[in-house]
Structure formats: structure tokens, C-alpha cells
Amino acid sequence: MKCCETNSKNEKSVEQSTICPMCSNRGAKVQMVTLTNLLEENLLSLIRSNNTYHWCREGSCEVSYFSNDANHFFKIGDLKVKATAKDSSLDVPVCYCFNHTRQSVLDELRATGESTVIEDIKAKMKDPGCFCEKSNPQGSCCLANNRKWLEEAKKLVD
Ligand SMILES: [Zn+2]
């Protein structure tokens, strides 16, 4: 079976708790530490320690984290930072651990014709090490986001 063929059996086995209650897209599971670090302080008491939370990756959806209770979720405005996937502004970080923004990648491209952002992140992942689960609202590695932005940014510079 090829990966692109639909498998109705698989689709049925997707748990309801992994589907965003607002946009119906499948989310990515996040650790509790991501919520406690990225949500506004005054909302931390709302986090339910026995729930599992997922990050909604859909750019047009207002939800940030949703839980296994469809009525209990957080929104983009509940985050302390702007999320790469949810905000296309140039001042939004593309790497939260080592402070790269869309703008900084674009500036480097304009100045030198190249960007070392991927190499820089990879080197720093080794030393001093990254902490995406606490810094990035999506709770996971940013490299895919950087590759995507680099492609888009190169078109803007050409
Ligand atoms: Zn959503």
C-alpha cells in the first residue's frame, strides 16, 4: 500500500482526541512542558494535568492547543509568542531556540545571497543544544519550518 492511498481502516482508528475541534485537522501531540512554558501565566491554572494536548498546525485556525475534551482548548492569543505556523509576519521567529526570524533570514539572503540558518541551527543543536519543547509553541524541531521559509524567502530576493 502506497502512503498516499487512503486507508479507511486507518482513518477510523485516528482518535478523536488528535483532531482539532475547530478546523478538524489532525494535530501534533505536545508535552505538558510546552504548554506551561508557552501559555500566558494567567492561564496556567486551566491546564488539566490528566489531559493530553495537541498542537493545531493549521495556519488559518485560531486554536493553539486542544485536548481530549473538545470543549477545552487554547487559542493563538493565549500564547506568549507568535507561532511560525499561525502568523506569516516577518517579525515571527522561525527558530525559537537560537533567535532566527523570517526577517533575519531574509536580511542575510539580501546581504550575502545565501543563508546559513539551517547550518547554524544544526551546529547549535549539537552545542549548546536546543530546547524546542520549551521554546517553540509547536513543541518540536523547527528545521522543516526553516527550510520552507528559506524557499519562500529566496523567491522574494530574486
Ligand atoms: Zn485547528
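Keep in mind it's a predicted model, so treat the numbers as computed, not measured.

Right, let's talk about the overall build of the chain for a bit. Across its full length, the chain carries six helices and six strands. Moving toward the C terminus, one meets the helices and strands of the chain in the order α-β-α-β-β-β-β-β-α-α-α-α. Taken along the three principal axes of its C-alpha coordinates, the chain extends 50 × 45 × 30 Å. A separation threshold of at least 6 residues defines the contact pool for the chain, and within that pool the share at least 24 residues apart is 56%.

Bringing the confidence of the model for the chain into the picture now. In the predicted model, the chain carries a mean pLDDT of 92, and the fraction of residues at 70 or more is 91%. Overall, residues 6-12 carries pLDDT values under 50, and its contacts beyond four positions in sequence, including any with other chains, amount to two contacts.

Our next topic: helix H4 (residues 117-129). An ideal rise of 1.5 Å per residue puts 18 Å on 13 residues; H4 reaches only 15 Å between its terminal C-alpha atoms. Considering bend angle alone, the principal kink of H4 is centred on Ala123 and spans about 25°. The buried count for H4 comes to one of 13 residues, which makes it a mostly uncovered element.

Within this structure's numbering, the places UniProt gives as "domain: CopZ zinc binding" (unreviewed entry) are residues 18-80. Within the segment residues 18-80, helix and strand shares are 11% and 22% respectively, and the terminal C-alpha atoms sit 23 Å apart.

Counting 13 residues, the largest nonpolar core has Cys56, Val63, Tyr65 and Phe66 as its most contacted members. Those elements that place two or more of their residues in this core are helix H2 (32-38), strand E2 (53-55), strand E3 (63-67) and strand E4 (73-75). What Cys56 contacts, discounting residues up to four positions off in sequence, is Cys20, Cys23, Asn25, Gly27, Cys61, Val63, Ser64 and Phe66. Of all hydrophobic cores here, the second largest spans eight residues; its members include Val94, Tyr96, Val117 and Cys142.

This brings us to the sheet that holds E3. Reading across from one edge, E1-E2-E3-E4 is the order of the four strands in this open sheet, with antiparallel pairing throughout. Looking at the sheet topology across the chains shown, the edges are occupied by strand E1 (28-30) and E4. Looking at each pair of strands side by side, their axes are set apart by 30° on average, direction ignored. As paired strands, E3 and E4 are joined by two bridges and run antiparallel to one another. Along E4, the bridge assignment pairs Phe66 with Phe73.

A word on the packing of H4 against helix H6 (residues 143-157). Viewed as axis vectors pointing N to C, H4 and H6 meet at an angle of 165°, and their least axial separation amounts to 10 Å. The pairing of H4 with H6 is recorded here as roughly antiparallel in orientation. For the element pair H4 and H6, the recorded crossing hand is right-handed. Judged by residue contacts, Val117, Ile118 and Ile121 of H4 engage Leu143, Asn146, Arg147 and Leu150 from H6.

This brings us to the domain arrangement of the chain. Once the domains are mapped, the chain shows domain 1 (14-78) and domain 2 (93-157). Measuring from the centre of the C-alpha atoms in domain 1 to the corresponding centre in domain 2 gives 24 Å. Contacts between the two partners involve nine residues from domain 1 and, on the opposite side, six residues from domain 2. Here the side of domain 1 that touches domain 2 takes four residues from H2, the largest share from any one element.

Definitions and limits used
- Residues numbered from 1 in each chain as written.
- Predicted model: local features only at pLDDT ≥ 70, side-chain atom pairs only at ≥ 80, totals over all residues.
- Helix = DSSP H or I, 4+ residues; strand = E, 2+ residues; numbered from the N terminus.
- Contact = placed C-beta atoms within 7 Å.
- pLDDT = per-residue confidence, 0-100.
- Expected span 1.5 Å × (residues − 1).
- Bend = angle between axes of the 7 residues up to and from the residue.
- Buried ≥ 20, exposed ≤ 12 C-beta atoms within 10 Å, placed from the backbone.
- UniProt positions renumbered as here; feature names shortened; annotations may be inferred.
- Core = buried A, V, L, I, M, F, W, Y, C linked by C-beta atoms within 7 Å.
- Pairing = 2+ DSSP bridges.
- Axes fitted to C-alpha atoms, helices over the stretch in contact; angles between N-to-C directions.
- Parallel < 35°, antiparallel > 145°, perpendicular 65-115°, else oblique.
- Left-handed = near helix turned anticlockwise from the far one by under 90°.
- Domains from an automatic or database assignment.

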